[in-house]
Amino acid sequence: MNKNQHYFEALTRLLNKKPEIISDLSYKINLDTVAIEAGRKRGSIKSGRESFQLLISEVEKAAVIYEEKNKKKPSSPEKYRMKYTELKKKYDDCLNREAILIEKLFLLESKVKVLGNKNIHKIR
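Examining the side chain of E37
Then, number 1: Its location among the elements puts E37 in helix α2 (residues 31–37).
Then, number 2: Of the polar contacts made by the side chain of E37, one reaches the backbone nitrogen of E20; its length is 2.6 Å.
Then, number 3: The contacts of E37, once residues within four sequence positions are left out, are A10, R13, L14, P19, E20, I21 and I22.

With respect to the nonpolar core
Then, number 1: One finds Y7, I29, V34, I45 and L55 to be the most contacted residues of the largest nonpolar core, which totals 19 residues.
Then, number 2: Put simply, the parts of the chain that give this core at least two residues each are α1 (5–15), α2 and α3 (53–69).
Then, number 3: In terms of residue count, the dominant contributor to this core is α3 (six residues).
Then, number 4: Sequence-distant contacts of I29, that is, excluding residues within four places in its chain, are made with L11, L14, L15, V34, V59, A62, A63 and Y66.

Here's the deal with the environment of E98
Then, number 1: Its place among the elements puts E98 in helix α4 (residues 77–115).
Then, number 2: Among the residues examined, E98 registers a relative accessible area of 45% and is labelled partly exposed.
Then, number 3: Between the alpha carbons of E98 and E78 there is a distance of 30 Å; along the sequence they are 20 residues apart.

Description of the packing of α1 against α3
Then, number 1: Contact geometry of α1 with α3 gives a least axis separation of 11 Å together with a crossing angle of 5°. Judged by the angle between their axes, α1 and α3 are roughly parallel. Seen from α1, the contacting residues are Y7, F8, L11, L14 and L15; seen from α3, they are L54, L55, E58, V59, A62, Y66 and K69.
Then, number 2: Within the contact of α1 with α3, the residues separate by chemical class into 10 nonpolar, no polar and two charged.

Definitions and limits used
Residues numbered from 1 in each chain as written. Predicted model: local features only at pLDDT ≥ 70, side-chain atom pairs only at ≥ 80, totals over all residues. Heavy atoms only, no water. Helix = DSSP H or I, 4+ residues; strand = E, 2+ residues; numbered from the N terminus. Polar contact = N/O pair within 3.5 Å; in protein donor to acceptor, adjacent residues only side chain to side chain. Contact = heavy atoms within 4.5 Å. Core = buried A, V, L, I, M, F, W, Y, C linked by side-chain atoms within 4.5 Å. Buried < 20%, exposed > 50% of the residue type's maximum accessible area, 1.4 Å probe, protein only. Axes fitted to C-alpha atoms, helices over the stretch in contact; angles between N-to-C directions. Parallel < 35°, antiparallel > 145°, perpendicular 65-115°, else oblique. Nonpolar A, V, L, I, M, F, W, Y, C, P; charged D, E, K, R; others polar.

Right, dumping it as structure tokens:
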């Protein structure tokens, strides 16, 4: 077994979005996150050591792949059109309900005026 095998396993888990140690899923893949996921301290992967050269190049490649795969894609204009249409319909429905309620209020106020003081008894 390669002495850096635990680092490569950690890198694989990070690429598959199944980390065992890192709990924040908004991580970026770099030497520190790989070290932490492997159960080591931040900075334990030293770029000056010959034994880490393959690991470092793999982490750099993986970081580029991971970033490309997880880039937020801009929404299409069609998505915004659909959202606008949906909100416009809700807005129009609200205006219709408002108009109906205003009409009912007007009718009720008219009935109160017609009734006047006929059905109101004063208490002494």
